[in-house]
Amino acid sequence: MSPFLPGPTSHSLWERALRRIPGGVNSPVRAFRGVGGEPFLVNRAKGCTITDVDGRDYIDFVGTWGPAILGHAPQVVIDAVTETAKYGTSFGIPNPLEVEMAETICRMVPSVEKVRMTNSGTEAVMSAIRLARGATGRDRIVKFEGCYHGHVDSLLVKAGSGALTLGQPDSAGIPASLASLTSTVPFNDIEALKHVFQEKGSEIACVILEPVPANAGLYLPEPGYLEAIRNLCNEHGALLIFDEVMTGFRLAPGGAQEIYGITPDLTTMGKVIGGGLPVGAFGGRADIMDQLAPLGPVYQAGTLSGNPLALAAGLAQLKEMERINGWALLESIGAQMEEAMRCSIKGKPLTFQRIGSMFCLYFCGGPVRNLEDAKKSDTVAFARYFHAALREGIYFAPSQYEAGFLSTAHTSEDLARVADAIARILSQL
Ligand code: KE4
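Note that this is a predicted model, so its numbers are computed, not measured. (Residues numbered from 1 in each chain as written. Predicted model: local features only at pLDDT ≥ 70, side-chain atom pairs only at ≥ 80, totals over all residues. Heavy atoms only, no water.)

A.B. asks: Break down the overall build of the chain for me, with residues and values.
C.D. replies: Looking only at helices and strands, the chain has 15 helices and 14 strands in total. In summary, the chain has a C-alpha radius of gyration of 21 Å against a globular reference of 22 Å for 429 residues, a match within 12%. Buried residues in the chain amount to 57% of all 429 residues. A separation of at least 24 residues holds for 71% of the contacts in the chain among residues at least 6 apart in sequence. (Helix = DSSP H or I, 4+ residues; strand = E, 2+ residues; numbered from the N terminus. Rg over C-alpha atoms; globule rule 2.2 N^0.38 Å. Buried < 20%, exposed > 50% of the residue type's maximum accessible area, 1.4 Å probe, protein only. Contact = heavy atoms within 4.5 Å.)

A.B. asks: Give me the pairing of strand β7 (residues 204–209): which residues, what numbers.
C.D. replies: Of all the 6 residues making up β7, 6 are buried; the element is thus mostly covered by neighbouring parts of the structure. Sheet analysis places strand β5 (residues 140–144) next to β7, joined by 3 bridges and oriented parallel. Bridging from a neighbouring strand, Val-142 pairs with Val-207 of β7. Across 4 bridges, β7 lies against strand β8 (residues 239–243) in parallel orientation. Paired with Leu-209 across the bridge in β8 is Phe-242. In this fold, the crossover linking β7 to β8 by way of helix α8 (residues 225–236) has right-handed handedness. (Pairing = 2+ DSSP bridges. Right-handed = clockwise from strand over helix to strand, strands pointing away.)

A.B. asks: Report on the pattern of salt bridges, specifying residues and quantitative values.
C.D. replies: Taken as a whole and assessed by the stated rule, the structure comprises 19 salt bridges. One salt bridge connects Lys-86 with Glu-83, and the closest N-O pair in it is separated by 2.9 Å. Residue Lys-86 is classed as exposed on the basis of its relative accessible area of 58%. The shortest N-O distance in the salt bridge between Asp-287 and Arg-285 comes to 2.6 Å. (Salt bridge = Lys/Arg side-chain N within 4 Å of Asp/Glu carboxyl O.)

A.B. asks: Describe the nonpolar core, listing the residues and the values that go with them.
C.D. replies: Phe-144, Leu-193, Phe-197, Val-207, Leu-209, Ile-229 and Leu-240 are the most contacted members of the largest nonpolar core, which totals 42 residues. Of all the secondary-structure elements, those providing two or more residues to this core are β5, α7 (190–200), β7, α8, β8, β12 (358–362) and α13 (371–374). When residues of this core are sorted by domain, at least three fall in each of domain 1 (8–73 + 325–428) and domain 2 (76–322). Discounting residues that sit within four places of it in the chain, Phe-144 has contacts with Lys-158, Val-185, Pro-186, Phe-187, Leu-193, Val-207, Ile-208, Leu-209, Tyr-225 and Ile-229. Membership of the second largest hydrophobic core comes to 40 residues, among which are Phe-40, Phe-363, Ala-383 and Ala-397. (Core = buried A, V, L, I, M, F, W, Y, C linked by side-chain atoms within 4.5 Å. Domains from an automatic or database assignment.)

A.B. asks: Residues and numbers for the sheet that holds β7, please.
C.D. replies: Across the sheet, 7 strands lie side by side as β4-β10-β9-β8-β7-β5-β6; this open sheet has mixed pairing. With one partner strand each, in any of the chains shown, β4 (114–118) and β6 (182–185) form the two edges of the open sheet. On average, adjacent strands in this sheet sit at an angle of 20° to one another, irrespective of strand direction. With 5 bridges joining them, strand β9 (residues 266–270) and strand β10 (residues 280–284) adopt antiparallel strand pairing. Its bridge partner lying in β10, Gly-270 is registered against Gly-280. Against the sheet, α8 touches β5, β7 and β8, its axis set at about 145° to β8. (Axes fitted to C-alpha atoms, helices over the stretch in contact; angles between N-to-C directions.)

A.B. asks: How would you explain the domain arrangement of the chain if you had to name every residue and give the values?
C.D. replies: With domains assigned, the chain is organised as domain 1 (8–73 + 325–428) and domain 2 (76–322). The straight-line distance from the C-alpha centre of domain 1 to that of domain 2 is 25 Å. Residue-level contacts link 37 residues of domain 1 with 37 residues of domain 2. On the domain 1 side of the contact with domain 2, Trp-327, Ile-355 and Arg-369 bury the most area, a combined 24% of that side's loss. Applying the counting criterion to the domain 1 and domain 2 interface returns 1 salt bridge. With its nearest N and O atoms 2.5 Å apart, the salt bridge here joins Arg-369 to Glu-222. (Buried area = accessible area lost by both parts, 1.4 Å probe.)

A.B. asks: Please give an account of the sheet that holds strand β11 (residues 351–355) that cites residues and values.
C.D. replies: The strand order β11-β12-β14 describes an open sheet built from 3 strands, whose pairing is antiparallel. Of all strands in the sheet, those bounded by a partner on one side alone are β11 and β14 (404–405). Inspection of the sheet shows β12 paired to β14 by 2 bridges, in the antiparallel sense. Bridged to Phe-359 within β14 is Gly-404. Each of β11 and β12 is contacted by helix α12 (residues 326–345), which is oriented at about 175° to β11, the strand it contacts most.

A.B. asks: Report on the packing of aromatic side chains, specifying residues and quantitative values.
C.D. replies: In total, this model carries 17 aromatic pairs according to the counting rule given. For the ring pair Phe-61 and Phe-396, a centre distance of 5.2 Å and an interplane angle of 25° mean the geometry is stacked. Here Phe-61, found in the loop between β3 (57–60) and α2 (75–85), pairs with Phe-396, found in the loop between β13 (394–395) and β14; they are 335 residues apart in sequence, far enough to count as distant. Judged by centre distance (5.8 Å) and plane angle (25°), the ring pair of Phe-352 and Phe-359 falls under stacked. Side by side, Phe-352 and Phe-359 carry an identical accessibility label, which is buried. An aromatic cluster is present here, built from Phe-61, Phe-352, Phe-359, Phe-363, Phe-382, Tyr-385 and Phe-396 joined pairwise through their rings. (Phe/Tyr/Trp six-rings, centres within 6.5 Å; stacked < 30°, edge-to-face > 60°.)

Put into structure tokens, the structure is as follows:
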């Protein structure tokens, strides 16, 4: 069935989805549980516009949760995937695109001396955690409240994103014995982290964090905080893992670590480097990465790891971002949005926070520095805002605890239209 011909309505498809897919969705955050109402189904997108199956257009500020940095269906990606697919979709044998992607990632992210591809961010994080444990011979992991690192057993502890939205930051199905090996601390509180290291420093294999936490909205590391974490890891022989699945290749060519000047031991990546196709990657110091099979004792594998279509899409996207200096454009677009949003929220109990092309409008006073602050948000008011925007053809992330994403496809005219709508909506909330 062509995605463009009139077909089943969004509602009828949703009814069918509910019968055969848990909660109607293949990922919980899509279910609108954080905002109420019935999700719509989309079967086409171009630039910054998504179109539901009933033909309604929306300006999209989710960008399929980060991959669509050039907007949806950029021609360079479509061409790369179409051309590559003519020669096969998967080989299970080393292919040239894997070499080119590895060299590209290592060039753009200097802390990454070697890298391995996976099929999702979760898989990248799961692998990095196992590698950290195998390389150090230690079992304990330290993570930060509200950070989300995919649905990895050891990390679904006080997690953000959908887990937080659904009020299940500690998932069922995870053995207490495993969760007990994960210590959590508040973000932007170096004393709390120092305390964990004082108590258990010799047990800690790694500290993993989103250098810019964007799964409880969006808040930023305070000056010196990331450096203090780096120093504590050095002092205690723990590895520092930056989860840059969302920030990587988006905030800068080299991600958040380029902006903040911190060198992690391992980095997890995803989203942008797949151009919208399934992808993840983890990489870092060669002496650690060489602990991986087939060289070393830490096993890790994947049938479709290094898939040629995903890598063709990701490489096309990275090359285009470099060709147009997309990061400078994203900063300009982000600054325009920030200026408009700040005008709209003046005098209201709202907080707008942004870095580059990632942002969050919190329905609480600010600044928002950590999960505790973020949870002060009025999620009922946020839900009203979300639906009012949707009625105006504007699609924000369906949860207060998610970040928004801009792309190079968002134009000044788009942002001006959105600013007018948001100003009107917020004045009426
Ligand atoms: P995936 O397994 O969903 O590809 O990546 C997991 C992941 C890892 N690390 C970070 C920092 C992430 O943000 C994510 C996934 N991001 C969410 C958005 N908050 C994906 C959306 C979803 O779960 O459907």
